[in-house]
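So the chains spell out like this:
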Amino acid sequence: MPIVTLSNVSKAYPSRSPGSGDVVAVDDVTLSIEKGDVFGIIGYSGAGKSTLVRLINALEPATAGTITVDDVDITALTERELRKVRGGIGMIFQQFNLFASKTVKANVAYPLALAGWSKADIEARVTEMLGFVGLADKARAYPEQLSGGQKQRVGIARALATGPAILLADEATSALDPQTTHEVLDLLKRVNEEQGVTIIVITHEMDVIQTIATKVAVMERGRVIEQGDVFDVFSAP
Ligand code: ADP
Ligand code: ADP
């Protein structure tokens, strides 16, 4: 069953230089992400990957086309309804985006407090999430005291705290060395297999896709030029 679909989705930005046409960041993209997939989106810098992420997360509207998340057409929602959709999507980032002035525990608690959880429920959930990512002993540490891999594990705990069905990983291992990258990818695999979270992995690194993804879409100049099972797409014709 598809959990995210894009049908003929485009996003154009007005060009910054007068006289030239719009910049078409995403150009007529159609794709379907199944519940439980680890779906890779790969392409060089400028291919349109980040724009695609912002469209799926409803951070900005598409210029054309239809996007559904959990069978809901998000191109026709109010801001209030959009907030609910965003609540069902966790995000992790290349630069981790942790709050530097908050402890690990407070970072993971943050989205739960925003969602209105009680203090006792937050306490229990943070303990559970830090246990899951193997950082129970770092609850009182600050981000600057952690390694890159540990910071990303905090990012994963925070992104999944409220129990979203979808995790968007935007270049989430691009700032990490190969060894740490594989540790984080192993953790994401567990998130997918043990918690049933659908994971969308945005990357420019083929190795990341081959390690973790089952399906892949290849982007070039805003378009998806190929998509399918990772094995089929990347094996020579
Ligand atoms: P990627 O994430 O694959 O590097 P992006 O989605 O960031 O690609 O960018 C795709 C294209 O859209 C690029 O040409 C970029 O310059 C352009 N673009 C992205 N965001 C904006 C924006 N807010 N305004 C104008 N152009 C943009
Ligand atoms: P903004 O400046 O966009 O209002 P926020 O204060 O809401 O940012 O959040 C700052 C950062 O905290 C975000 O970039 C994101 O990394 C993280 N964040 C906020 N809310 C959540 C959430 N519900 N799940 C995961 N990370 C979050």
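Residues numbered from 1 in each chain as written. Chains lettered and ligands numbered in written order. Predicted model: local features only at pLDDT ≥ 70, side-chain atom pairs only at ≥ 80, totals over all residues. Heavy atoms only, no water.

Going by an unreviewed UniProt entry, the protein carries the name D-methionine transport system ATP-binding protein and comes from Microbacterium natoriense. The heading Function (unreviewed entry) in the UniProt record of the protein holds the text "Part of the ABC transporter FtsEX involved in cellular division. Has ATPase activity." In its Subunit (unreviewed entry) section, UniProt records this for the protein: "Homodimer. Forms a membrane-associated complex with FtsX." (UniProt positions renumbered as here; feature names shortened; annotations may be inferred.)

1. Some remarks on empty space enclosed by the protein
With a probe scaled to a water molecule rolled over the atoms, the places where space remains empty come into view. Under the definition given, this model contains one cavity of 30 Å³ or more. The space that makes up the largest cavity amounts to roughly 50 Å³. Looking at the largest cavity, the residues that line it are Ala169, Glu171, Ala172, Thr173, Leu185, Leu188, Val201, Ile202, Thr203 and Val208. Among the secondary structure elements, those contributing two or more residues to the lining of the largest cavity are α6 (178-195) and β8 (198-203). Top contributing element to the lining of the largest cavity by residue count: β8, with three residues. (1 Å grid on protein atoms, 1.4 Å probe; cavity = no way out; pocket = protein on both sides within 12 Å on 5 of 7 lines; lining within 4 Å. Points joined across faces, edges and corners; volume = space filled by probe spheres on them. Helix = DSSP H or I, 4+ residues; strand = E, 2+ residues; numbered from the N terminus.)

2. As for the site of ligand 1
Neighbouring ligand 1 are 13 residues, the closest being Gly46, Gly48, Lys49, Ser50 and Thr51. One of the side-chain N or O atoms of serine 50 is found 2.6 Å from an oxygen atom in ligand 1. Between arginine 54 and ligand 1, the recorded distance is 3.4 Å, taken from a side-chain N or O atom to a nitrogen atom. In the complex, 68% of the free accessible area of ligand 1, which totals 560 Å², lies under the protein chains. (Near = heavy atom within 4 Å. Polar contact = N/O pair within 3.5 Å; in protein donor to acceptor, adjacent residues only side chain to side chain. Areas by Shrake-Rupley, 256 points an atom, 1.4 Å probe, with all protein chains shown as cover.)

3. Some points on the site of ligand 2
Inspection of the region around ligand 2 gives Phe93, Asn97, Phe99, Tyr110, Pro111 and Arg158 as its neighbouring residues. Here an oxygen atom of ligand 2 and a side-chain polar atom of tyrosine 110 are 3.4 Å apart. Contact between ligand 2 and arginine 158: an oxygen atom at 3.1 Å from a side-chain N or O atom of the residue. Spatially, ligand 2 is embedded in the largest pocket. Here the residues of the shell around ligand 2 are counted per class, giving four nonpolar, one polar and one charged. (Sits in = over half its atoms within 2 Å of the grid points. Nonpolar A, V, L, I, M, F, W, Y, C, P; charged D, E, K, R; others polar.)

4. So, the packing of aromatic side chains
By the definition in use, this model includes one aromatic pair. Lying over the aromatic face of phenylalanine 99, lysine 102 brings its terminal NZ or CZ to 5.4 Å of the ring centre. Sitting over the ring of phenylalanine 132, arginine 190 keeps its end group 4.5 Å from the ring centre. (Phe/Tyr/Trp six-rings, centres within 6.5 Å; stacked < 30°, edge-to-face > 60°. Lys NZ or Arg CZ within 6 Å of the ring centre and 35° of its normal.)

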